[in-house]
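Understanding the architecture of this molecule
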Amino acid sequence: MTLLRKTFRTMRENKAPYLGAFFMVLISSMLLVGMTMVANNLELIFNALSADHMLGDAEFSVSSDLNISSLEEQTNASIEKSSVADVELPSGQTLRIFAANETLNRHAVLEGDDLDEDSILIDPLFASTNDLKIGDSVDIGGKEFSVAGTVVLPNYIYVIRSTEEMINDPSKFGIAVLSQSNMAAMPGTSDFYAVRFADRTDIHEQELSFRSQLLAEGIEITDWESTTNKSMVTFVSLEITTLSTMSKVVPGMLLILSVILLSILLKRMIQRETAVIGTLYALGYRQSELLRHYLLFPLIVAGTGGFLGVLLGLAMVSPMLNFMLSVFPMPVDAYQTNYAFLAIGLLLPVIVLSLVSYVVIIRLLRVSPADLMKGSRVSEKTNFIERALKLDRFSFNTKFQIREQVRSLSRTGFLLFGVIVATILLLYGLTMQSSLNYMLNEGIAALYNLKYEYVFNDLQTDSPPEGFEQFNGVYVTPDQDTSANFAIIGVFPQSTRIQLKDTSGDKLIPDRVIITKILADKLNVGIGDELHVTNDEDLKAYTLTIEAVADSAAGEFIFMPFADLNQMLDMPADAYIGIWGDEQMQFPEGALSSTKDMDAVAAGIRNLISQSSIMVYSLIIMSFILGLIIIFLVTGLIIEENRNTISLFKILGYRPKEVNKLILDSNTIVVVIGYLIGIPVLLISVTAFMQSLTESMQMTIPTRLNSWYMLLGFVIVMVTYQTAKILSRKKVNRIPLSEALKAGTE
């Protein structure tokens, strides 16, 4: 009981460091439980929707009708024909309307009733944004339909017009579902097929086999889109992956900081209390009793912090999931509470902190009572770093500040690691914004000298409209990475629409095979290397020799001469699939496969940058608070360890400003080094993270950090440091002159 009272008394007398460790454990457990359970529930909801409503493995268009029953038997797959049409409403918005399927990609009603012949189902974001309620009427192609309810399609969860737009804008675009009979009577529809394989392993190989079967039967595939490449579906997987990754990285870093901090505190405490421990030994206390006493500190911090963190993490699951499901609407029966995550959130900090603390404590308690009573555990020996620095050549102030760092490597390491973590959190959002800006300004804007791109359903041989430039293209899959696919674009050597530069900034003329640097790095190929690819349409194999690398951030492409590509594809010399120009054109219904508005692409990226501002500001505030706590705690440790020295400085006539400079400014170099180390660590981490998300995003975002953002981050870190110093000055000023005299008397 006596030792227990001492535990609480010690923690009350040194509240700041223990509270700091407590909040780090609390936040760590909260994020671990909250983010992991949100990601887990989101994945379960997505998997349930995919399985219950039969998400197809691919969607494709062909030149003629299929014999579905025969093909299903041959390929062990389910196939269903469907149709889609883009309809402009009288109010100006566009609805992409799908026919209600019976087998694959079946719609799920979120609210209201299911379809009948006089009704329509609309996606919830479009309905709420445009004030459409259940029972309202909508004019579709001159016919009035009643809104029966809201809907989600498993193959169109994230509602965007195209991959390039990136951000959903329900004020302009949405999706809807009509009965098959109503869709059959609607003008301007396009037919397509969906396929789902019975064997759920190795889907990619089954897709290749399925397409080979179509080609063997003389059926031309005009369009093929695997679900794994469809942003409307994979953005959900992207969010799940992001949450899962962040739920491990951020709590892990905070837990490491807590471990280091508590280790320092326990080591310092035992070193200060060596005489007390020796006396307790002499009075009959056993080592196990003292060990239990000192283990109470990490147990109290980790236990209370972990318990409250688990409760807060559990509380954040519902609002976070509701927010996610407002972006990715999906039907939910009930959220699942995974008690294993709760146990991990509670026990992981306790186990880790207790084990590390045990190692620290047991090493310090393995000393005889007589030596402990002499206080011999407080070592004054210089370590190898201090001896190697040869400090005698520096002034007293410089020597003192350097010794403050090298004589307590654990404390310096805690500060250094803490500043690195704060830097990563601070600059993460800014790096994302900087990377998107770079992709927009140095990638898309630098590569394309055009406003519109029109891609036709069929090959064209007529002269393009005046002012437009034709191009050809084909999607291929590299043999070395069957999960990746990219476009080979055939352009004229004298093209004015495509602007390529090499890594030195010199202009590249597309009169040879040129690969973008992003794709070259991904496939690990360079100038002179051969690249073996397979045509995604007819599965023919081709071999390309890389002749140049373009330093472009616009995407993953290979550019080659127009005539050479047509010859390679065995097409007419003047055949093309698309045109580039600056004017908006109108084409006959069904003539176009896709339209790309470069202003809309740029607007999508700017919208993404704008929407990420909340995350950026949140991370800046979080990193400021974290940095403030860490620097304040380390400064407090320095002050406590130098109470006698500070008192002696005052006796010797040092002014308060000089004492503060000697004691509080000693961490400046560590803070600066931590920030400088944090930048490359951040860039490496973000690059690896972005590469892992490339497949889900269907684009590659090059990692860049604007120099102005680096400067802004440095200013914020130094402001944090100065704030911590200001908060610590009162501690220095409160130390009386009698402290040094008291120490001498003892």
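Just so it is clear, the model here is predicted, and its values are computed rather than measured.

1. So, the overall build of the chain
When helices and strands are tallied, the chain shows 23 helices and 22 strands. Viewed in the frame of its principal axes, the chain has a C-alpha envelope of about 100 × 60 × 45 Å. A burial count over the chain gives 50% of its 746 residues as buried. Look at the contacts in the chain between residues 6 or more apart in sequence, and 82% of them connect residues 24 or more apart. The centroid of the 56 positive side-chain charges in the chain is displaced by 28 Å from the centroid of its 79 negative side-chain charges.

2. A few points about empty space enclosed by the protein
Taken as a whole and judged by the stated rule, the model has three cavities of 30 Å³ or more. By volume, the largest cavity is sized at about 100 Å³. In terms of lining residues, the largest cavity is bounded by 14 residues, among which A422, S623, G627, V717 and T720 are the most central. Counting residues per element, the ones that place at least two in the lining of the largest cavity are α14 (409-447), α18 (613-641) and α22 (707-734). Among the residues making up the lining of the largest cavity, the classes are represented as nine nonpolar, five polar and no charged. The calculated volume of the second largest cavity comes to roughly 70 Å³.

3. Examining a negative patch on the surface
A cluster of acidic side chains, namely D113, D114, D116, E117 and D118, defines a negative patch on the protein surface. Turning to its location among the elements, D118 is positioned in the loop between β4 (108-112) and β5 (119-122). Judged by relative accessible area, D118 falls into the exposed class, the value being 53%.

4. A short note on the domain arrangement of the chain
Here the chain is described as being made up of domain 1 (1-56 + 249-381), domain 2 (64-219), domain 3 (397-446 + 598-746) and domain 4 (452-583). Distance between the C-alpha centres of domain 2 and domain 4: 31 Å. Of the roughly 460 Å² buried where domain 2 meets domain 4, counting both sides, 58% is carbon and sulfur surface. When the buried area of domain 2 at its contact with domain 4 is split by residue, H204, R211 and L215 rank highest and sum to 82% of it. Remark: the boundary between domain 2 and domain 4 carries one residue pair in polar contact (both at pLDDT 80 or more). Residue classes in the side of domain 2 that touches domain 4 are distributed as two nonpolar, two polar and one charged.

5. Some remarks on the packing of helix α8 (residues 274-282) against helix α9 (residues 287-327)
Running from N to C, α8 and α9 cross one another at 140 degrees; their axes reach a closest spacing of 10 Å. Classified by the angle their axes make, α8 and α9 are oblique. α8 and α9 meet at a crossing whose hand is right-handed. Contacts between α8 and α9 involve I277, L280 and Y281 from the former and Q287, L290 and Y294 from the latter. Split by residue class, the contact of α8 with α9 holds five nonpolar, one polar and no charged.

6. With respect to the pairing of strand β1 (residues 58-62)
Counted residue by residue, β1 has five buried out of five residues, so it is predominantly covered. Here β1 shows no split at all, with A58, F60 and V62 on one side and E59 and S61 on the other all buried. Pairing of β1 with strand β9 (residues 190-197) involves three bridges; the strand directions are antiparallel. Note that in β9 the partner of A58 across the bridge is V195.

7. A few points about the packing of helix α2 (residues 15-52) against helix α10 (residues 339-365)
Any two packed helices are characterised by the angle at which their axes cross and by the distance between the axes. Put simply, α2 and α10 touch, their axes get as near as 9 Å, and they point 150 degrees apart. With respect to their mutual orientation, α2 and α10 come out roughly antiparallel. Crossing geometry of α2 relative to α10 is assigned as right-handed. Within the contact between the two elements, α2 uses V25, S29, L32, V33, T36, M37 and N40 and α10 uses F341, L342, I344, G345, L348, P349 and L353. Classifying every residue of the contact of α2 with α10 by side-chain character gives 10 nonpolar, four polar and no charged.

8. Focus on the environment of F689
With respect to the helices, strands and loops of the structure, F689 is situated in helix α21 (residues 668-697). Residues F689 and T242, 447 residues apart in the sequence, show an inter-C-alpha distance of 8.6 Å. Look past the residues within four positions of F689 in its chain and what remains in contact with it is T242, T245 and Y428.

9. Quick word on the pattern of salt bridges
Under the counting rule described, the total for this entry stands at 12 salt bridges. With its nearest N and O atoms 2.8 Å apart, the salt bridge here joins R200 to D57. Remark: D57 occurs in the loop between α2 and β1 and R200 occurs in the loop between β9 and α6 (203-216); sequence separation between them is 143 residues. The partner of K230 in a salt bridge is E59, and the shortest N-O contact between them spans 3.1 Å. Of the two residues, K230 is situated in the loop between β10 (221-226) and α7 (231-272) and E59 in strand β1; the sequence distance between them amounts to 171 residues. Of the two residues, K230 and E59, neither departs from the other in class, the shared state being buried.

10. Side note on the environment of A724
Relative to the helices and strands, A724 resides in helix α22. Judged by relative accessible area, A724 falls into the buried class, the value being 0%. The spacing of A724 and K650 is 74 residues in sequence and 22 Å in space, taken between C-alpha atoms. In this view, A724 contacts L628, I631 and F632; residues no more than four positions away in its chain are not counted.

11. Things to note about a nonpolar patch on the surface
Taken together, the side chains of L648, I651, L652 and L737 make up a nonpolar region of the molecular surface, amounting to roughly 370 Å² of accessible area. Relative to the helices and strands, L737 is located in the loop between α22 and α23 (738-745). Relative accessible area serves as the criterion here: at 46%, L737 is assigned to the partly exposed category.

12. A closer look at unusual backbone geometry
Positive phi, normally seen in glycine, also occurs at D202, with a value near 50 degrees. Within the secondary structure, D202 sits in the loop between β9 and α6.

13. A word on the packing of aromatic side chains
Here the structure, examined in full by the defined rule, presents 21 aromatic pairs. Seen in terms of ring centroids, F210 and W224 are 6.0 Å apart; in terms of plane orientation they differ by 45 degrees. Their pairing is tilted. Of this pair, F210 sits in helix α6 while W224 sits in strand β10, and the two are 14 residues apart along the sequence. The same class applies to F210 and to W224, which are both buried. Arranged with centres 4.6 Å apart and planes meeting at 25 degrees, the rings of F492 and F562 form a pair that is stacked. Taken together, the positions of F492 in the loop between β13 (486-491) and β14 (500-501) and F562 in helix α16 (residues 562-568) put the pair 70 residues apart, joining distant regions of the chain.

How each quantity is defined
- Residues numbered from 1 in each chain as written.
- Predicted model: local features only at pLDDT ≥ 70, side-chain atom pairs only at ≥ 80, totals over all residues.
- Heavy atoms only, no water.
- Helix = DSSP H or I, 4+ residues; strand = E, 2+ residues; numbered from the N terminus.
- Buried < 20%, exposed > 50% of the residue type's maximum accessible area, 1.4 Å probe, protein only.
- Contact = heavy atoms within 4.5 Å.
- Lys, Arg positive; Asp, Glu negative; His and termini not counted.
- Charge placed at Lys NZ, Arg CZ, Asp CG, Glu CD.
- 1 Å grid on protein atoms, 1.4 Å probe; cavity = no way out; pocket = protein on both sides within 12 Å on 5 of 7 lines; lining within 4 Å.
- Points joined across faces, edges and corners; volume = space filled by probe spheres on them.
- Nonpolar A, V, L, I, M, F, W, Y, C, P; charged D, E, K, R; others polar.
- Patch = residues over 30% accessible without salt bridge, like charges linked within 9 Å, V, L, I, M, F, W, Y side chains within 5 Å.
- Areas by Shrake-Rupley, 256 points an atom, 1.4 Å probe, with all protein chains shown as cover.
- Salt bridge = Lys/Arg side-chain N within 4 Å of Asp/Glu carboxyl O.
- Domains from an automatic or database assignment.
- Buried area = accessible area lost by both parts, 1.4 Å probe.
- Polar contact = N/O pair within 3.5 Å; in protein donor to acceptor, adjacent residues only side chain to side chain.
- Axes fitted to C-alpha atoms, helices over the stretch in contact; angles between N-to-C directions.
- Parallel < 35°, antiparallel > 145°, perpendicular 65-115°, else oblique.
- Left-handed = near helix turned anticlockwise from the far one by under 90°.
- Pairing = 2+ DSSP bridges.
- Phe/Tyr/Trp six-rings, centres within 6.5 Å; stacked < 30°, edge-to-face > 60°.

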